[in-house]
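Structural overview
Single-letter residue listing:
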Amino acid sequence: MNPALANFILKKTPASIKNPLAMAETQFTLNTGAKIPAVGLGTWQSDPGQVKAAVKRALSVGYKHIDCAYVYGNENEVGEGLAEAFKSGVKREDIFITTKLWCTYHSRPEENLDESLKMLGLGYVDLYLMHWPVPMNPKGNDPKFPKLPDGSRDLDKSWSHTQTWIEMEKLLKTGKTKAIGVANYSVPFLEELLAAATVTPAANQIENHPYLPQQEIVDFCKSKGIHITAYSPLGSTGSPLFQEEGVQEVAKKHNVAPGTVLLSYHVALGHSVIPKSVTPSRIEENLRIIELDSSDVKSLQSISKTKGITRFVYPAFGVNLGFPDKQ
Ligand SMILES: NC(=O)c1ccc[n+]([C@@H]2O[C@H](COP(=O)([O-])OP(=O)(O)OC[C@H]3O[C@@H](n4cnc5c(N)ncnc54)[C@H](OP(=O)(O)O)[C@@H]3O)[C@@H](O)[C@H]2O)c1
């Protein structure tokens, strides 16, 4: 082939085709100045017996970001996976670890962070998130999900999420976390937090996919310099998103799997994304991110206009978390 023509074709070929993993190396800058890798491995519902291998596999194929939480009950196994990866040459400073403060520990964030660090086998995490803005009774009938005798959630009404944030701010001085942030925050809750805060959250981790774009909170976070991490990007277990016509159309256009479209969508928006998988081939597949153009993003965003869902009240809490009742 004529070298000039070959050069022209090469220039026009998207980076994601030349090197399928190049886009997955994208990082975003937090308001602390630290970088957060665009794609991370989720670990919720990754069963003991599976998550160690999943973490090890992910780090061996190029993931640099693992999303954990105390409440997932598997941080000790995540820690075993991390330890094996370190043994095989992965460096702690090259990876980004997030974990989360559980609701029954709102008045004791350092204690909960210490427990997570111990299980993970780490001296620090890169990002510590308040998992939900919902303090629960620390002395209730269950250490993680206490209930009142009538079956409703046993909330700690003597404590507020803004007090929790002030306690979390103190963690930065301990060196046990490099940054602090929130999860599942709506605009009204974030406004309340910011009014009390000295430190602006580095990130807000929220459910996000074409059925739930959460534009109001996304725009608000953007205006405040708060990074968005999209959770349940594939729609979580058993998701109908893979069959969604609008997703399949974009997948067909780029000749990729629907999952690739669902994950690439967030990276195109400047958000990090944390798909969960314990299946080796999917762990690898989920690292493949392609460049979507603005028309793809627009058409994915339009799906919620007819098929959107709401998360006004999250069932695990039974409280109004301030999200709009219509998307
Ligand atoms: N902050 C919060 O409150 C919060 C809430 C929920 C989730 N999260 C975080 O976000 C992560 C991701 O969310 P999620 O676990 O709810 O759901 P998700 O990542 O949207 O979906 C996970 C499901 O999709 C399957 N899957 C993964 N990759 C696939 C692929 N390429 N093709 C087909 N199926 C695929 C997985 O199965 P296999 O594992 O069997 O492969 C699993 O059943 C969580 O693990 C957690 O770390 C945070």
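Before any of the text, the structure's been laid out above.
To start, this report covers the structure provided alongside it. Because the structure is predicted, anything quoted here is derived from the model rather than measured. (Residues numbered from 1 in each chain as written. Predicted model: local features only at pLDDT ≥ 70, side-chain atom pairs only at ≥ 80, totals over all residues.)

So, on to the overall build of the protein. Counting its regular elements, the protein contains 12 helices and 10 strands. Against the 2.2 N^0.38 benchmark of 20 Å for 327 residues, the protein shows a C-alpha radius of gyration of 20 Å, consistent with a compact globule. The principal-axis extent of the C-alpha atoms belonging to the protein is close to 75 × 50 × 35 Å. A total of 327 residues make up the protein; the buried ones form 43% of that total. Restricting the contact set of the protein to residue pairs at least 6 apart, pairs at least 24 apart contribute 73%. (Helix = DSSP H or I, 4+ residues; strand = E, 2+ residues; numbered from the N terminus. Rg over C-alpha atoms; globule rule 2.2 N^0.38 Å. Buried ≥ 20, exposed ≤ 12 C-beta atoms within 10 Å, placed from the backbone. Contact = placed C-beta atoms within 7 Å.)

Neither face of strand E7 (residues 180-183) is exposed, since Ile 180 and Val 182 on one face and Gly 181 and Ala 183 on the opposite face are all buried. Both strand E6 (residues 127-130) and E7 contribute to a ladder of 3 bridges, which runs parallel. Bridge pairing in E7 links Leu 129 to Gly 181. Where the polypeptide runs from E6 across helix H6 (residues 161-174) and back to E7, its parallel neighbour, the crossover connection is right-handed. Bridge count between E7 and strand E8 (residues 203-207): 2 bridges; the pairing is parallel. Paired with Val 182 across the two strands is Asn 204, which belongs to E8. The β-α-β motif built from E7, the intervening helix H7 (residues 187-196) and the parallel element E8 has right-handed crossover chirality. (Pairing = 2+ DSSP bridges. Right-handed = clockwise from strand over helix to strand, strands pointing away.)

Turning next to the pairing of strand E9 (residues 227-231). For E9, a buried count of 5 out of 5 residues is recorded, marking the element as mostly surrounded by other parts of the structure. Neither face of E9 is open: one carries His 227, Thr 229 and Tyr 231, the other Ile 228 and Ala 230, and all of them are buried. Since E8 and E9 lie parallel, the crossover through helix H8 (residues 215-224) that links them has a hand, and here it is right-handed. Where E9 meets strand E10 (residues 272-273), 2 bridges bridge the pair, whose relative direction is parallel. Residue Thr 229 lies in a different strand from E10, and its bridge partner there is Ser 272.

Before going further, it helps to spend a moment on the packing of helix H5 (residues 109-120) against H6. Axis separation between H5 and H6 bottoms out at 9 Å; the angle between their running directions is 50°. Overall, the two elements H5 and H6 adopt an arrangement that is oblique. Where H5 approaches H6, its residues Pro 109, Glu 110 and Leu 113 are matched on the opposing element by Thr 164, Glu 167, Met 168, Leu 171 and Thr 174. Residues of the contact of H5 with H6, tallied by class, amount to 4 nonpolar, 2 polar and 2 charged. (Axes fitted to C-alpha atoms, helices over the stretch in contact; angles between N-to-C directions. Parallel < 35°, antiparallel > 145°, perpendicular 65-115°, else oblique. Nonpolar A, V, L, I, M, F, W, Y, C, P; charged D, E, K, R; others polar.)

So, about the packing of helix H9 (residues 245-254) against helix H10 (residues 258-269). At a minimum axis distance of 8 Å, the contact between H9 and H10 shows a crossing angle of 100°. By the angle between their directions, the pair H9 and H10 is classed as roughly perpendicular. Here H9 contributes Val 247, Gln 248, Val 250 and Ala 251 to the contact with H10, which in turn contributes Pro 258, Thr 260, Val 261 and Leu 262.

Now for unusual backbone geometry. Even without being glycine, Ser 236 reaches a positive phi, approximately 70°. Mapped onto the elements of the fold, Ser 236 is located in the loop between E9 and H9. Ser 236 gets classed as partly exposed once you count the C-beta atoms within 10 Å, which come to 15. Despite not being glycine, Asn 255 has its phi angle at roughly 60°, a positive value. Within the secondary structure, Asn 255 sits in the loop between H9 and H10.

Ordered in space as E3-E4-E5-E6-E7-E8-E9-E10, the 8 strands form an open sheet in which the pairing is parallel. Edge strands, defined here as strands with exactly one partner in the open sheet, are strand E3 (41-42) and E10. Pairing analysis gives 3 bridges linking strand E4 (residues 65-67) to strand E5 (residues 96-101), with the strands arranged parallel. In the strand pairing of E5, Ile 66 is matched with Ile 97.

One finds Val 55 and Ile 66 to be the most contacted residues of the largest nonpolar core, which totals 80 residues. Aside from chain neighbours lying at most four places away, what touches Val 55 is Leu 41, Ile 66, Val 78, Gly 81, Leu 82 and Ala 85. (Core = buried A, V, L, I, M, F, W, Y, C linked by C-beta atoms within 7 Å.)

Summarising the element assignment, Ile 289 is placed in the loop between helix H11 (280-285) and helix H12 (294-307). For Ile 289, a count of 26 C-beta atoms within 10 Å translates into the label buried. Separated by 183 residues in sequence, Ile 289 and His 106 place their C-alpha atoms 36 Å apart.

It is worth spelling out the environment of Ala 203 at this point. Its location among the elements puts Ala 203 in strand E8. Apart from residues lying up to four places away in sequence, Ala 203 is in contact with Leu 30, Leu 127, Leu 129, Gly 181, Ile 226, His 227 and Thr 229.

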